[in-house]
Amino acid sequence: MNGDGIISALDKTVVKDFNPSFFGGLSNQLNYKRWQLDFMLQFVKQENYTSAVMVGLPGAKGNQPVEVLQHWQNAGDIARHQIYTTGYNGDAVNAFYNYYESDGAIADASFVRLKNVALSYKVPEQWLFGASCKVSLEGQNLLIFTGYKGRDPEFSAYGYLPPLKVITAGLQFTF
């Protein structure tokens, strides 16, 4: 940034804004005879860090994404990821943080998620001697459509769980 040819703290500037460009959802309820289907789709247009930089230095203790297996090992190698280090190779550490703080470590993390879906059936009352019963099956975060390579595109922080998949079944009786 300052033109001296050396990457330092004086060269740092905001590269990207991780706030979504736009987001929204679509929900609907469909009924057919005694059946009811409810669903909600969530969509987000955004960018996020790639999974390879979110877990730290390639070679450090901890889980690493499979992508870091494609790393360079000797001077002159051409590979997508740098040499492994546990932190003792200062040049590799500096290179990792320079990459992490650049826009090279940022990818399109847009997605469409099936946020909620519920299917229910009202049992005919004559089957239960005048009582009513509703049988339901519900799911949350069941599907995600994205080109993002990595964990969940919605989360940019390491160490946090993405939205969990939840499936629930229920019976509702009314007397």
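All residue numbers refer to position in the chain's written sequence, counted from 1. Local features in this predicted model are restricted to residues of pLDDT 70 or higher, and side-chain atom pairs are both shown and tallied only at a pLDDT of 80 or more, whereas totals for entire chains, interfaces and linings draw on every residue. With hydrogens and water excluded, all non-hydrogen atoms of the structure serve as input to the side-chain values.

Novice: Help me out: how do you make sense of the nonpolar core in this one?
Specialist: The tendency in soluble globular proteins is for nonpolar side chains to be buried side by side. Put simply, buried Ala, Val, Leu, Ile, Met, Phe, Trp, Tyr and Cys residues joined by side-chain atoms within 4.5 Å make one nonpolar core. Buried, partly exposed and exposed residues are distinguished by accessible area as a fraction of the type maximum, computed with a 1.4 Å probe on protein chains only: under 20%, between the cut-offs, and over 50%, respectively. Core analysis: the largest hydrophobic core is formed by seven residues, namely Tyr 49, Val 53, Leu 57, Val 93, Phe 96, Ala 105 and Ile 106. Setting aside its immediate chain neighbours within four residues, Ala 105 contacts Asn 48, Tyr 49, Thr 50, Val 53, Tyr 99 and Tyr 100. In what follows, residue pairs with any heavy atoms lying within 4.5 Å of each other are defined as contacts.

Novice: Looking at this structure, how should I read the side chain of Gln 82?
Specialist: Note on placement: Gln 82 falls in the loop between helix H1 (51–54) and helix H2 (90–100). On the accessibility criterion, Gln 82 (13% relative accessible area) is buried. Within the local environment of Gln 82, its side chain forms a polar contact with the backbone nitrogen of Phe 96, the two atoms lying 3.2 Å apart. Sequence-distant contacts of Gln 82, that is, excluding residues within four places in its chain, are made with Pro 58, His 71, Trp 72, Ala 92, Ala 95 and Phe 96. Numbered from the N terminus, helices here are DSSP runs of H or I no shorter than four residues, and strands are runs of E no shorter than two. Pairs of N or O atoms are called polar contacts if they sit within 3.5 Å, as long as, within protein, a hydrogen donor faces a hydrogen acceptor (for residues adjacent in sequence, only side-chain-to-side-chain pairs).

Novice: Honestly, a nonpolar patch on the surface in this entry has me stumped. Any pointers?
Specialist: Only residues whose relative accessible area exceeds 30% and that form no salt bridge enter a patch; like-charged residues are grouped when within 9 Å of one another, and nonpolar side chains (Val, Leu, Ile, Met, Phe, Trp, Tyr) when within 5 Å. For accessible areas, the Shrake-Rupley method is used with a probe of radius 1.4 Å. Any residue's cover is judged against the shown protein chains and nothing else. Each salt bridge in this description consists of a side-chain nitrogen of Lys or Arg and a carboxyl oxygen of Asp or Glu lying within 4 Å of one another. Taken together, the side chains of Phe 22, Phe 43, Val 112, Leu 143 and Phe 145 present a nonpolar region at the surface, about 460 Å² in accessible area. Its location among the elements puts Phe 22 in strand E1 (residues 22–32).

Novice: It is not clear to me how the sheet that holds strand E7 (residues 166–174) should be interpreted in this structure. Could you clarify?
Specialist: Whether parallel or antiparallel, the strands of a sheet pair through hydrogen bonds between backbone atoms. In this scheme, strands are said to pair when DSSP sees at least two bridges between them. In space, the five strands of this open sheet follow the order E1-E2-E5-E6-E7, with antiparallel pairing throughout. Both edges of this open sheet fall to E1 and E7, since each of them pairs with a single strand only. The sheet shows a mean angle of 10° between the axes of neighbouring strands, taken without regard to direction. In this structure, E1 lies alongside strand E2 (residues 35–45), joined through 11 bridges in antiparallel fashion. Pairing of Leu 30 across the sheet is with Leu 37, part of E2. Whenever a helix is involved, its axis is fitted only over the stretch in contact; in every case the axis is a line through C-alpha atoms, and angles between N-to-C directions fall within 0 to 180 degrees.

Novice: In this structure, what is going on with the pattern of salt bridges? I would like to understand it.
Specialist: Close approach of charged atoms allows side chains with opposite charge to pair. This structure, assessed with the given rule, holds four salt bridges. The residue Glu 47 makes a salt bridge to Lys 16 at a minimum N-O spacing of 3.5 Å. Linking Glu 47 in strand E3 (residues 47–49) with Lys 16 in the segment before E1, this pair joins segments that are 31 residues apart in sequence. Owing to a relative accessible area of 30%, Glu 47 belongs among the partly exposed residues under this scheme.

Novice: Explain the environment of Gln 36 here, please?
Specialist: Relative to the assigned elements, Gln 36 resides in strand E2. At 2.9 Å, the side chain of Gln 36 forms a polar contact with the side chain of Asp 38.

Novice: Before we go on, may I ask you to explain the layout of surface pockets in this structure?
Specialist: The method is simple in principle: a probe with the dimensions of a water molecule rolls over the atoms, and the space it marks as empty is what remains. Space inside and on the surface of the protein is sampled on a 1 Å grid over the protein atoms alone, with a cavity defined as a set of points where a 1.4 Å probe fits but cannot get out and a pocket as an open set with protein on both sides within 12 Å along at least 5 of 7 lines; lining residues have an atom within 4 Å of a point. Grid points are joined across faces, edges and corners, and a volume is the space filled by probe spheres set on the points. Here the largest pocket defines a volume of roughly 240 Å³. Considering the residues around the largest pocket, the lining is formed by Met 1, Ile 7, Ser 8, Asp 11, Lys 12, Thr 13, Val 15, Asn 98, Glu 101 and Ser 102.

Novice: Explain the environment of Gln 82 to me, please; I cannot follow it from the model alone.
Specialist: For the pair Gln 82 and Thr 13, spaced 69 residues apart in sequence, the C-alpha to C-alpha distance is 23 Å. Of the polar contacts made by the side chain of Gln 82, one reaches the backbone oxygen of Ala 92; its length is 2.9 Å.

Novice: How should I be thinking about the environment of Gly 170 in this particular structure?
Specialist: Locating Gly 170 in the fold gives a position in strand E7. When the C-alpha atoms of Gly 170 and Gly 59 are compared, they prove to be 47 Å apart, with 111 residues separating the residues in sequence.

Novice: Teacher, can you tell me more about H2 here?
Specialist: Since the α-helix packs 3.6 residues into each turn, any two residues three or four apart lie on the same face. Those residues of H2 that fall on the buried side of the exposure criterion are Ala 92, Val 93 and Phe 96. The buried residues of H2 occupy one face: seen down the axis, they fall within an arc of 100°. Of the residues that open H2, the one with a side-chain oxygen 3.2 Å from the backbone nitrogen of Asp 91 is Asn 89. Summarising the geometry, the arc corresponds to the directions from the helix axis toward the C-beta atoms.

Novice: Sorry if this is basic, but what is going on with the packing of aromatic side chains here?
Specialist: For any two aromatic rings, the description comes down to two numbers: the centre-to-centre distance and the angle of the planes. To pair, rings of Phe, Tyr and Trp, with the six-membered ring standing in for Trp, must have centres within 6.5 Å; the planes then decide the type, stacked if under 30 degrees apart, edge-to-face if over 60, and tilted in the middle. Summed over all chains, the structure comprises seven aromatic pairs. Relative to Tyr 100, the ring of Tyr 49 lies with its centre 4.7 Å away and its plane at 10°, an arrangement referred to as stacked. Placement of the pair is Tyr 49 in strand E3 and Tyr 100 in helix H2, with a sequence separation of 51 residues. Among the residues examined, Tyr 100 registers a relative accessible area of 27% and is labelled partly exposed. Here the aromatic rings of Phe 96 and Tyr 100 are separated by 6.2 Å at their centres, their planes lie at 20°, and the arrangement is stacked. Taken as a pair, Phe 96 and Tyr 100 lie in helix H2 at a separation of four residues, close to a single helical turn. Three or more aromatic residues link up through ring pairs in this structure, and these residues are Phe 18, Tyr 49, Phe 96, Tyr 97 and Tyr 100.

Remember, this is a structural readout, not a statement about activity or role.
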